[in-house]
Structure formats: structure tokens, C-alpha cells
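Summary of structural features
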Amino acid sequence: MSTNSPRIGFLGAGQMALAMAHGFVARGGVPAANILAADPFEQARTRFAKEISGAKTTASNQEVIDQSDVVILAVKPQMMADAAKSLTKVPGSCLLISIAAGISLDKLNSLFSTKRIIRVMPNTPCLVGLSACAFSANEGISDEDVTLTKTLLEATGIAVQVPEKQLDAVTGLSGSGPAFVYMMIEAMSDAGVRQGLPRAVALQLAAQTVKGAAEMVLATGQHPAALKDNVTSPGGTTIAGVHELEKKGFRGAVIDAISAAAERSKELGQD
Ligand SMILES: NC(=O)C1=CN([C@@H]2O[C@H](COP(=O)(O)OP(=O)(O)OC[C@H]3O[C@@H](n4cnc5c(N)ncnc54)[C@H](OP(=O)(O)O)[C@@H]3O)[C@@H](O)[C@H]2O)C=CC1
Ligand SMILES: O=C(O)[C@@H]1CCC=N1
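Residues numbered from 1 in each chain as written. Chains lettered and ligands numbered in written order. Predicted model: local features only at pLDDT ≥ 70, side-chain atom pairs only at ≥ 80, totals over all residues. Heavy atoms only, no water.

As a reminder of what qualifies: UniProt positions are given in the numbering used here, feature names are shortened, and annotations may be inferred rather than shown by experiment.
For the chain, an unreviewed UniProt entry supplies the name Pyrroline-5-carboxylate reductase and the organism Bremerella volcania. Quoted verbatim from the Sequence similarities (unreviewed entry) field of the UniProt record, the comment on the chain reads "Belongs to the pyrroline-5-carboxylate reductase family." Quoted straight from UniProt, the Pathway (unreviewed entry) entry for the chain says "Amino-acid biosynthesis; L-proline biosynthesis; L-proline from L-glutamate 5-semialdehyde: step 1/1."

**A look at the packing of helix H7 (residues 167–175) against helix H12 (residues 250–270)**
Between two packed helices, what matters for the description is the angle formed by their axes and the separation of those axes. For the record, the criterion: Between the N-to-C directions of two axes lies an angle of 0 to 180 degrees, each axis being a line fitted to C-alpha atoms and, for a helix, fitted only over the stretch in contact. Helix and strand assignments come from DSSP, with helices taken as H or I runs of at least 4 residues and strands as E runs of at least 2, each series counted from the N terminus. Angular relationships are summarised with four words: roughly parallel below 35 degrees, roughly antiparallel beyond 145, roughly perpendicular across 65 to 115, and oblique for the angles in between. Handedness of a helix crossing follows the sense of rotation of the near helix relative to the far helix, less than a right angle counterclockwise being left-handed and clockwise being right-handed. Whether two residues are in contact is decided by their heavy atoms: any pair within 4.5 Å suffices. Each residue gets one of three labels, nonpolar for Ala, Val, Leu, Ile, Met, Phe, Trp, Tyr, Cys and Pro, charged for Asp, Glu, Lys and Arg, and polar for the others, Gly among them.
In contact at an axis separation of 7 Å, H7 and H12 are set at 135° when each is read in the N-to-C sense. Relative to H12, the element H7 is oriented oblique. In terms of crossing hand, the pair formed by H7 and H12 is right-handed. Between H7 and H12, the contacting residues are Asp168, Ala169, Thr171, Gly172 and Leu173 on the first element and Ile258, Ala261, Ala262, Ser265 and Lys266 on the second. Grouping the amino acids of the contact of H7 with H12 by side-chain chemistry returns five nonpolar, three polar and two charged.

**Concerning unusual backbone geometry**
For the record, the criterion: Partly exposed residues are those whose accessible area sits between 20% and 50% of the maximum for their type, while under 20% is buried and over 50% is exposed, using a 1.4 Å probe and protein chains only.
In this structure, Ser113 is a non-glycine residue whose phi angle is positive, near 50°. Note on placement: Ser113 falls in the loop between helix H5 (105–112) and strand S6 (117–121). We classify Ser113 as exposed; its relative accessible area is 63%.

**A look at the site of ligand 1**
Operational definition: Any residue with at least one heavy atom within 4 Å of a molecule or strand is counted as near it. Throughout this description, a polar contact denotes any pair of N or O atoms lying within 3.5 Å of each other; where both atoms belong to protein, one of them has to be capable of donating a hydrogen while the other can accept it, and for residues adjacent in sequence the pair is counted only when both atoms sit in side chains. Values of accessible area rely on a 1.4 Å probe in the Shrake-Rupley scheme; residue burial ignores everything except the protein chains shown.
Close contacts around ligand 1 come from 21 residues, with Gln15, Met16, Asp39, Val75 and Lys76 the closest. The contact in question runs from an oxygen atom of ligand 1 to an N or O atom on the backbone of Gln15, over 3.0 Å. Side-chain polar atom of Lys76 to an oxygen atom of ligand 1: 2.7 Å apart, as the coordinates give it. Out of a free accessible area of 890 Å², ligand 1 has 77% covered by protein chains.

**As for the environment of Gly14**
Within the secondary structure, Gly14 sits in the loop between strand S1 (8–11) and helix H1 (15–27). Put simply, Gly14 and Val75 are 61 residues apart on the chain and 7.8 Å apart in space, counted from C-alpha to C-alpha. Aside from chain neighbours lying at most four places away, what touches Gly14 is Asp39 and Arg47.

**Considering the nonpolar core**
Stated formally: Residues enter a nonpolar core if they are buried and are Ala, Val, Leu, Ile, Met, Phe, Trp, Tyr or Cys, with the set joined through side-chain atoms within 4.5 Å.
Counting 33 residues, the largest nonpolar core has Phe10, Met20, Phe48 and Ile72 as the members making the most contacts within it. Listed by contribution, the elements that provide at least two residues to this core are S1, H1, strand S2 (35–38), strand S4 (70–73), strand S5 (95–98), S6, strand S7 (131–137) and helix H6 (143–154). By residue number, the principal contributor to this core is H1, which donates seven residues. Once residues within four sequence positions are removed from consideration, Phe10 is found in contact with Ala17, Met20, Ala21, Phe24, Ile35, Leu36, Ala37, Ala38, Phe48, Val64, Ile72 and Ala74. One finds Val71, Leu73, Met80 and Leu108 within the second-largest nonpolar core, a separate group that totals 19 residues.

**A short note on a nonpolar patch on the surface**
Inclusion rule: Surface patches are drawn from residues lacking salt bridges whose relative accessible area is over 30%; two like charges belong together within 9 Å, two nonpolar side chains (Val, Leu, Ile, Met, Phe, Trp, Tyr) within 5 Å. Salt bridges are defined by distance alone: a side-chain nitrogen of Lys or Arg within 4 Å of a carboxyl oxygen of Asp or Glu.
A surface patch of nonpolar side chains, amounting to about 370 Å² of accessible area, comprises Met184, Met188, Leu245, Phe250 and Val254. When contributions to the nonpolar patch are tallied by element, the ones reaching two or more residues are helix H8 (177–194) and H12. One can find Leu245 in helix H11 (residues 237–247). Judged by its relative accessible area of 40%, Leu245 falls in the partly exposed class.

**Observations regarding the domain arrangement of the chain**
Our working definition: Those domain boundaries reflect an automatic or database domain assignment. Throughout, buried area stands for the accessible area (probe radius 1.4 Å) lost by two parts on being put together, summed over both.
Each domain of the chain was delimited in the assignment, giving domain 1 (8–163) and domain 2 (177–270). Each of domain 1 and domain 2 has a C-alpha centre, and these two points are 31 Å apart. Contact residues are listed per partner, giving eight residues for domain 1 and six residues for domain 2. Where domain 1 abuts domain 2, roughly 460 Å² becomes buried across the two surfaces, and 63% of that area is made up of carbon and sulfur atoms. Here domain 1 is connected to domain 2 by zero salt bridges.

**Section: the UniProt feature "binding site: NADP(+)" (unreviewed entry) in the chain**
Per the UniProt annotation, the sites labelled "binding site: NADP(+)" (unreviewed entry) are Leu11, Gly12, Ala13, Gly14, Gln15, Met16, Ala74, Val75, Lys76 and Pro77. Spanning 67 residues, the named residues form one tight spatial group whose C-alpha atoms are at most 14.1 Å apart. Owing to a relative accessible area of 55%, Gln15 belongs among the exposed residues under this scheme. Within the element layout of this structure, Lys76 appears in the loop between S4 and helix H4 (80–85).

Here you go:
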């Protein structure tokens, strides 16, 4: 992407802006000098400039809009209206990409008075090139804008296009999902410590086990149930643990957690 690389702006220089900017620079070939992030919070600007070395920051949202080809709306959903109000005009030359949970394309069109908008749900593993992103494009958006968005997102991991009505489900599953997996890793480490393992060893084994199991699903294409059966020897250790998880409603708890996150995404869109 380095030749004719787009100038990329961020409104909001928080967690997700950092994770995405890092992916664009480290794996997308976007020169850091092409990145400009706005945030009212000085500490956020300082951290962004430090972590994305060579990128510029500003307190002015309009400056980002005026100086970027693509602007990522990376403020909290509750702050989106304020961010829109801080702008006098979004020029037609600027493609907007919103990563906010819940806020529909219709709402974004009306807030920013432009239809050149794509809605994306990324996740924090952008930072290490392993994001799971989904996006929906506004009606009438050009193929070039869709391709540019997909190319940028793929620098951070994978990107799939979905109908907009599926984005709340995506938010519950892969947007919030890393938090649920971190809780699983933490719980597995605690269990290892309870059984006498040193903390550092337990954490390393737990994280690698989750990474390895995920890679088995992706690399083999086998159903997770078949992969689970391969681990589960008759009368062995695994079935004893599987029985405990089933008794304690593990699957129901995971389904409820993702459903609650998806419902909250819908609510944020209605606020
Ligand atoms: N964190 C995640 O895992 C994911 C988040 N998202 C979405 O990404 C968006 C950002 O989330 P996240 O990075 O976690 O949030 P953060 O709070 O880390 O970052 C948002 C930043 O925007 C700043 N801000 C507030 N108001 C404005 C404004 N009017 N103009 C410009 N900047 C402003 C905030 O400053 P201050 O702190 O002073 O308010 C903050 O520094 C959200 O909409 C969220 O739904 C999507 C997928 C995953
Ligand atoms: O918790 C949140 O609202 C954001 C959206 C998806 C992940 N984090």
C-alpha cells in the first residue's frame, strides 16, 4: 500500500485507534507520517504519538477531516454526536469509516451529512495482526471504497462483508469476544495455579492452549466438536472436565454473554 498510500485520520485516539493504526503501519505498508489522530484528551494524543512513531496528532477534529482521505470514527458511541457537531463540513473527497458499536449507517449519514460511510466492527487483536473484522457499506458506496476498506482492514487480520443487520451479532461475538476469551485464559491460569503450577507457567500454557486450539479449528476445517472428541479419551481426564463444564452451563453462559453484548449493541444504536 505504500505507493499512493491514503492519508488516514482518526477521530478519537484511544484503544482501538491505536490498535488499528499499529496494524496499518506494521502490516499495511501505510507510512506513519500519513496518519493524523485527533483527541481532546492530551494524554491520549501523547500516547498515540509515542506508540505510532512518526504519526501526527491534533486537538482539532476538523483538521483531521480536512487533511485525510479516509477518516476512522473511533470515539465511543455516546460521543459520536459531539464528534459530528465539532465539524463544519465533511468534504466528498473523504471516506468515513465508523467503528462505533451500535450506530447505524442511517444515523451516521444524518450526523455527518454524507453517505460516503462504511461501518466496521473490528477487535483489539488488530494490534498483533489477528483481528476479526466485519463491515457493511452504505448503499451506493463505490467498489473502490469497499476495496480500500477491505485492504486496510486485512492489514490488521481478516475482514468479511456482512449485511448491516448482522453487525450487532458481530459486535457481541468478535467485537467483545476477546474479553470473554481473556477471562477464559485467566480462569485456566488460576486453575493451573490452584493445582500447583507457577503463575507464569500456567499463563503461558493457558494462552498457548487457546491459540493452538483456535489454529486447529482454522487450519483443519474440522468441526470443533470432532476436535474436542479427539482430545477426549474414554474414561480419561478430559471427559471428567467436560462433564463439569456441562453441569455448570458453560455453553449456555457463553451464548448468553454474546447475546447480551449483541443486545447492548442494539441499545447503543437506539440511544
Ligand atoms: N475497545 C474495543 O475492543 C472495541 C471498540 N470498538 C469501538 O471503538 C470505539 C472506540 O473505542 P475505544 O478505543 O475502546 O475507546 P477509548 O475511550 O479508548 O477511545 C476513544 C477516544 O476518543 C476520545 N474522544 C471523546 N470525545 C471525542 C470527540 N468529540 N472527538 C474526538 N475524540 C473524542 C476519548 O477521549 P476521552 O477519554 O477524554 O473521552 C478517547 O481518548 C467505540 O465506538 C467502540 O464501540 C469497536 C470494536 C472493539
Ligand atoms: O465494549 C464495547 O462497547 C466495545 C464494542 C465492542 C468491544 N468493545
